[in-house]
Amino acid sequence: MRNRNSRRITFVLLCLALLPISTLGRQLVLVLSQEDLKEAAADSTNLVDDPSDTGFDDFIDSEAKPDYVLDPGSWSPIFEPATAPQVHFEHEGVYYSSVSKIVKACSRGDERAMEEAASEIEAAASAGHPHAQSILGFLYGMGIGRERSKAKSFLYHHFAAEGGNMQSKMALAYTYSRQEMHDKAVKLYAELAEVAINSFLISKDSPVIEPVRIHSGAEENKEALRKSRGEEDEDFQILEYQAQKGNAGAMYKIGIFYYFGLRGVRRDHTKALTWFLKAVEKGEARSMELLGEIYARGAGVERNFTKALEWLTLASKQQLYSAYNGLGYLYVKGYGVEKNYTKAKEYFEKAADNGEAGGFYNLGVMYLKGIGVKRDVKIVSKYFATAFDAGQPKAFYQLAKMFHTGVGLKKNVPLASSLYKLVAERGPWSSLSRWALESYLRGDVGRAFLLYSRMAELGYEIAQSNAAWILDKYGERSMCLGESGICSDEERHQRSHALWWQASEQGNEHAALLIGDAYYYGRGTERDYDRAAEAYMHAKSQSNAQAMFNLGYMHEHGQGLPFDLHLAKRYYDQALEVDHAAKLPVTLALGSLWIRKNYANGILVNVIDSLPEVYPKVEAWVEDVLMEEGNATILTLFVCLLTVLYLRERQRRHVAAAAGEVAFPHQLGEQGVPVIH
């Protein structure tokens, strides 16, 4: 069972008070402890009616801004040139030219082009260009075209962050978080989360556009990749055909894909607006709310709050309850209408009464700021917790602020940092994931690896595991470039090991298993049973059957763990409880335990202990001798001959048996059933 694919990957993001949380396939749930609530009650005595005393925003002014504005130095001019403006700054032309060369060099595995591009980036960085400093920090961090140096990487990211580069701020925040320097990490993540949240919707929850995991354990995630082909996907083309033929529902769905950039489709607010308007003409009510959003945010069209009010009002009359959030937002901000906090609260309550997470969030903000109501931190905590449980990212942000400042909840900086990180990872720099996936689907593995590596540096767990998987799966075809040319096998192993380790730290149980195997077998690192056991323990904590089996094996043999047959049996039993597919290996392992317990010094124990040494030799013999073309052909013919002889003998026996039945009818009973004496 060792070295087997894990059946599921559980990503434990954080622990909130009493309850561990996972985000793959489950909702997030927030449970506030009594200690948190008591602290909140104590803080409520310090709250006053002046909304400015806490430093909290009231309602975030969500305005649609392009990536290159929110994320200076973004690579969007390279990957989405149609949406980015012409470069006018003195160093920008050199910067984007050099980045383009880096991207092309990784696609082709061109060491000379990489060295040239790295030298150009270094020259621009030395001249004080913050975005070039960010790229140089990335090159030193990964060891691409330069010697790998964490110190130099940190230094250049620090300079870049000081110069306003957001991706370097993400890289620094992640570095501080890994080193448990939470006071520094939380400040950066708070700033990044604020940038990210400015692009969220005003009336309903923004869809969670997570980076796609291109693998499931050791196999390619074909189903997820099939759904990510964008406009080239057959399902999308069928949907587009239906929309062009006048299907209102298809028009709405096409608009959704373009508005949010779902299923691998490039975001295009102008196309989304066109399809929503067509859908409304056909009576599709859901498009009304999105049209209200588009005009309120100025997404692909000039901001027009009067039109936003009209569309949101029409949507609310069609019982689209999330539209009430948009109406409340317009009244609380005084956009297109006169400010009216009473009406705003009524609209938010209507949304909340109908289960809309945004309604709970907006009511929480009103009670937090004392907008039209008396400030009440207990009510705030309740509303934000409900919105959080429903997956409302704005609630993550406000709860992070409360835990960060200690206003309304007991101060908890590590937890605040984790919550801010969740929001920050939805920022405009997440476009790297879309470009990486597009490259992978086109077969440009080198470019995909580069982009996933950049995201991995920013702290995205899925990108870390994707980059590591590409290295392991594609080897030389990954176009991995090191300090001086294409990566050697050792460099790829080391890089893969580092990426899997980072992913395992963030709760990826498959990564933890691979790290354990690396230390157990000495792959890409020195053999270390103690560290292997530590990695398996980490995976076991997420109820991973493979890890449990491995821990049992290590207890059985006293490798990295005390020799203890009772504990070994316990782990084997737990593996079977978690995954019934483990029945065969667990049965064999329990048989081995029984032999070891009852015949401790017998020859069978020696045979069992020698199997790990014998197996590689047998495997090598099969590969080197049997699998050679000539030998394999002879072996195949031999097996076929044996099969034919077996089938002929089986047929002969059936004929003989049938003849025996005819010759001795008296041995059958009345119903033709053989009589057994």
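Basis of the calculations
Residues numbered from 1 in each chain as written. Predicted model: local features only at pLDDT ≥ 70, side-chain atom pairs only at ≥ 80, totals over all residues. Heavy atoms only, no water. UniProt positions renumbered as here; feature names shortened; annotations may be inferred. Salt bridge = Lys/Arg side-chain N within 4 Å of Asp/Glu carboxyl O. Buried < 20%, exposed > 50% of the residue type's maximum accessible area, 1.4 Å probe, protein only. Helix = DSSP H or I, 4+ residues; strand = E, 2+ residues; numbered from the N terminus. Polar contact = N/O pair within 3.5 Å; in protein donor to acceptor, adjacent residues only side chain to side chain. Disulfide = S-S within 2.5 Å. Expected span 1.5 Å × (residues − 1). Axes fitted to C-alpha atoms, helices over the stretch in contact; angles between N-to-C directions. Parallel < 35°, antiparallel > 145°, perpendicular 65-115°, else oblique. Left-handed = near helix turned anticlockwise from the far one by under 90°. Contact = heavy atoms within 4.5 Å. Core = buried A, V, L, I, M, F, W, Y, C linked by side-chain atoms within 4.5 Å. Arc of directions from axis to C-beta.

Looking at an unreviewed UniProt entry, one finds the chain named ERAD-associated E3 ubiquitin-protein ligase component HRD3A and attributed to Solanum commersonii. Turning to the chain, the UniProt record has this under Sequence similarities (unreviewed entry): "Belongs to the sel-1 family." Word for word, the UniProt comment on the chain under Subcellular location (unreviewed entry) is "Endoplasmic reticulum membrane".

A. Looking closely at the pattern of salt bridges. The tally for this structure, following the rule as stated, stands at 24 salt bridges. Between Glu220 and Lys222 there is a salt bridge, with the nearest N and O atoms lying 3.4 Å from each other. For Glu220, a relative accessible area of 25% puts it in the partly exposed group. Here Arg226 ties to Asp235 by a salt bridge, and the two come within 3.1 Å at their closest N and O atoms. Asp235 sits in the partly exposed class, given a relative accessible area of 36%. Residues participating in the shared-partner salt-bridge network are Glu80, Arg266, Arg434 and Glu438.

B. Just the environment of Arg263, in detail. Following the sequence through the fold, Arg263 ends up in the loop between helix 12 (248-260) and helix 13 (269-281). When the C-alpha atoms of Arg263 and Leu225 are compared, they prove to be 9.3 Å apart, with 38 residues separating the residues in sequence. Only 2.9 Å separates the side chain of Arg263 from the backbone oxygen of Lys227, close enough to count as a polar contact.

C. Main features of the state of the cysteines. Inspection of the entire model under this criterion finds one disulfide. Each sulfur of the disulfide joining Cys480 and Cys487 lies 2.1 Å from the other. Judged by the sign of its S-S torsion, about -60°, the bond between Cys480 and Cys487 is left-handed. As far as burial versus exposure is concerned, Cys480 and Cys487 are alike and both buried.

D. Up close: the environment of Asp183. Relative to the assigned elements, Asp183 resides in helix 9 (residues 182-197). For the pair formed by Asp183 and His404, sequence separation is 221 residues and the distance between their alpha carbons is 9.4 Å.

E. Quick peek at helix 20 (residues 393-405). The first and last C-alpha atoms of helix 20 sit 19 Å apart over 13 residues, in line with the 18 Å expected at 1.5 Å per residue. For helix 20, a buried count of 11 out of 13 residues is recorded, marking the element as mostly surrounded by other parts of the structure. Among the residues of helix 20, those classed as buried are Pro393, Lys394, Ala395, Phe396, Tyr397, Gln398, Leu399, Ala400, Lys401, Met402 and Phe403. In this structure Gln392 caps helix 20, since a side-chain oxygen of it lies 2.8 Å from the backbone nitrogen of Lys394. At the exit of helix 20 stands Gly406, carrying a positive phi of roughly 80°.

F. Examining the packing of helix 20 against helix 21 (residues 413-424) more closely. Remark: helix 20 packs on helix 21, axes separated minimally by 8 Å, with the N-to-C direction vectors making an angle of 155°. In terms of axis orientation, helix 20 runs roughly antiparallel to helix 21. The way helix 20 lies across helix 21 gives a crossing that is left-handed. Counted together, Pro393, Phe396, Tyr397, Leu399, Ala400, Lys401, Phe403 and His404 of helix 20 and Val413, Leu415, Ala416, Leu419, Tyr420, Leu422 and Val423 of helix 21 form the full contact between these two elements.

G. Main features of the nonpolar core. In this structure, Trp75, Tyr189, Tyr259, Phe276, Tyr452 and Ile470 are the most contacted members of the largest nonpolar core, which totals 188 residues. In terms of residue count, helix 9 provides more of this core than any other element does, 10 residues in total. Contacts of Trp75, omitting those with residues within four sequence positions, involve Tyr95, Val99, Ile135, Leu432, Trp435, Leu451 and Arg454.

H. Quick look at helix 7 (residues 150-162). With 13 residues, helix 7 extends 18 Å from end C-alpha to end C-alpha; this agrees with the ideal 18 Å at 1.5 Å per step. Of the residues making up helix 7, those classed as buried are Ser153, Tyr156, His157, Ala160 and Ala161. Taken around the axis of helix 7, the buried residues stretch over an arc of 140°, which confines them to a single face. Looking at helix 7, the residues exposed on the side facing more than 90 degrees away from the buried face are Ala151 and Glu162.

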